[in-house]
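# Residue-level structural notes
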Amino acid sequence: MNIHERLLVIDFGSQYTHLICRRVRELKVRSELIPWDRFSIDLIEEDVKGIILSGGPKSIYEDDAPTIDPYIFTYARKRKIPILGICYGHQLMAHLLGGDVSRGKKREYGPAILEIVGESKLLTGLPKKSRVWMSHGDLVIKLPSNMKISGRTENCPIAAYESIDGLFFGVQFHPEVKHTEYGMKILDNFLKLCGFRRDWVISDIINQKIKEIRQRVGGSRVLLAASGGVDSTVTAKLIHEAIGDNLHLVFINTGFLREGEVEWVLNMLRNLGFKNIHYVDASDRFLKALLGVEHPEEKRKIFARIYAEVLEEAAKKLEREYGRFRFLAQGTIYPDRVESGATSSTTDKIKSHHNVVMPTLSSLEKLEPLADFYKDEVRKIARLLGIPKEVWGRHPFPGPGLLVRILGSITEEKIRIARRAHKIVEEEAKKWGIYDELWQIFPVVLDSKAVGVKGDARSYEYIVAIRAVKSEDAMTAEFARLPWEFLEHVAKRIVNEVEGVNRVVYDVTHKPPATIEYE
Ligand code: XMP
């Protein structure tokens, strides 16, 4: 039983499902995502006060279309738990309750005008007409009994419906995306109908988390692999607040860190008041194992294995010096947890993120105080804990570091190029005031060389790609439309200052279909 009342979001595979969860949390309600194929009625524990059925890419008429146990509706009615279906969820609910869904002749994608029909509990407080964001193929064409239409658009006569008893609601459009003018108002109305207490307030939760850690850990020792990133730093700070210097930080130099990073991280950790900081330089070991390796998954696997070995060795050494560790703390955040453990059949495994795969030190108990939070919530916690902006404002940097930004065979020359180019890109993005607006910006060293002229001589050198994206949670991302002058300036600097590069290109692909990182 959780302290906070919860809303369950059942995920049918939409790229927006995490966004639904985050919007609900912005409205101060704890939300949790459950993949449809992991859902069962007994997950609706007593603290669950509302349920959202998400969108999804399938048609309910496809053979392998996701679905849920229809008993959910009977059960929800018994316990008076409101359910909101969004897009696919809207169609599935209508279908399971006896309505009709027709296969759409063409997909509707983009803005539409929603017109409210009659009285609506869900759409209360909205103007008669407002802009909504549509993305669907199929359409609900006939409602189950005891349901009424509450909104329509030009192409969609049943764009919103609700049950007469005020428990079940469906919207064909996406209230969670910003393009839906009154999306937050609609979600807020739904949460009101559920009767939530609205107590998901980060500042209160921090003290509660610290108390929980203190109770659980007591006088035991905790080991944490620090990286200097916001997640591991906030994890460390929370634990340090709770148990003080029984926390030991191990910072491993993998050789795939950025220029100046080792000094920066060590200084930052010292300034935050940590006493037991153990630095391990394993760069040679990583390099030796990775030189010449070409395949992305192989690179990640080797990296993860060595990381685990080095950490294990460091732990053993520290245990000889300080005594036994009982806990291994990790900066796992909510999306990591959902993606690694709960991958449903609708979502493919894209990459093995090394921080989730790390199986080592299995005898230690796991301590993951951030496992319930999204990145923006972690950043908020960081601020509240007095962690400086240079930490919480830092762009995410993958565990395997520059390794996944060097395509093809790993060589010392490519590592040098990645490191030098990174320094320039980051420095300029900050100078031009672009850095804070982006989710990430970084260079990637491509595996191929191109012909160019430098001075009077013909050159044959590496190509560097610049990747800059805007994103809310890294599940989807848009390439950033950066000013040409900035890109021109950065390209000029890289070609002039980084030996072995004669060409810079800019990546204009969104995620999906691309990913943010290259490997
Ligand atoms: P992709 O490339 O999958 O990246 O679109 C999504 C986000 O995850 C970060 N990323 C990682 N973070 N360990 C991490 O801690 C990893 O192995 C890893 N791989 C990707 C990436 O930087 C982006 O923000």
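As the structure is a computational prediction, the values presented were derived from the model and not from experiment. (Residues numbered from 1 in each chain as written. Predicted model: local features only at pLDDT ≥ 70, side-chain atom pairs only at ≥ 80, totals over all residues. Heavy atoms only, no water.)

This next bit is on the sheet that holds strand β11 (residues 168-171). The sheet built from nine strands is open, its strands ordered β2-β1-β3-β4-β11-β10-β9-β6-β7 with mixed pairing. The open sheet has two edge strands, β2 (30-35) and β7 (129-136), and neither has a second partner. Taking each pair of neighbouring strands and ignoring which way they run, the sheet shows an average axis angle of 25°. Here strand β4 (residues 83-86) runs beside β11; their pairing, made up of four bridges, is parallel. Residue pairing in the sheet places Gly85 in a bridge with Gly170 of β11. Together, β1 (6-11), β3 (48-53), β4 and β11 form the strand contacts of helix α4 (residues 183-194), whose direction differs from that of β3 by roughly 145°. (Pairing = 2+ DSSP bridges. Helix = DSSP H or I, 4+ residues; strand = E, 2+ residues; numbered from the N terminus. Axes fitted to C-alpha atoms, helices over the stretch in contact; angles between N-to-C directions. Contact = heavy atoms within 4.5 Å.)

Our next topic: the pairing of strand β18 (residues 457-470). Most of β18 is tucked away: ten of the 14 residues are buried. Note: strand β17 (residues 440-454) against β18, twelve bridges, orientation antiparallel. Note that in β18 the partner of Phe442 across the bridge is Arg467. In this structure, the hairpin formed by β17 and β18 is closed by a connection of two residues, where Gly455 is found at a positive phi of approximately 65°. In this structure, β18 lies alongside strand β20 (residues 501-506), joined through five bridges in parallel fashion. (Buried < 20%, exposed > 50% of the residue type's maximum accessible area, 1.4 Å probe, protein only.)

Let us now look at the pattern of salt bridges. Evaluated as defined, the whole model comprises 48 salt bridges. Note that Glu261 and Arg394 form a salt bridge whose closest N and O atoms lie 3.0 Å from each other. Of the two residues, Glu261 is situated in helix α7 (residues 261-271) and Arg394 in the loop between α13 (389-392) and α14 (412-431); the sequence distance between them amounts to 133 residues. The same class applies to Glu261 as to Arg394, namely buried. Put simply, Lys299 and Glu519 hold a salt bridge, and the shortest N to O gap is 2.8 Å. Of this pair, Lys299 sits in helix α9 (residues 296-322) while Glu519 is found in the segment after β20, placing the two residues 220 residues apart along the sequence. Its relative accessible area of 1% is what places Lys299 among the buried residues. When its relative accessible area of 8% is taken as the criterion, Glu519 is described as buried. (Salt bridge = Lys/Arg side-chain N within 4 Å of Asp/Glu carboxyl O.)

Our next topic: the domain arrangement of the protein chain. It is common to give the size of an interface as the accessible area lost on bringing the parts into contact. Assigned domains of the protein chain: these are domain 1 (6-194), domain 2 (202-392) and domain 3 (411-506). Placing the centre of domain 1 and that of domain 3 at their C-alpha centroids yields a distance of 43 Å. In this assembly, six residues from domain 1 lie in contact with four residues from domain 3. Buried surface at the junction of domain 1 and domain 3, both sides included, amounts to about 430 Å², of which 47% is carbon and sulfur. Across the domain 1-domain 3 interface, the total number found is four salt bridges. Our enumeration of links across domain 1 and domain 3 arrives at three residue pairs in polar contact (both at pLDDT 80 or more). Taken together, the residues that form the side of domain 1 that touches domain 3 break down as one nonpolar, two polar and three charged. (Domains from an automatic or database assignment. Buried area = accessible area lost by both parts, 1.4 Å probe. Polar contact = N/O pair within 3.5 Å; in protein donor to acceptor, adjacent residues only side chain to side chain. Nonpolar A, V, L, I, M, F, W, Y, C, P; charged D, E, K, R; others polar.)

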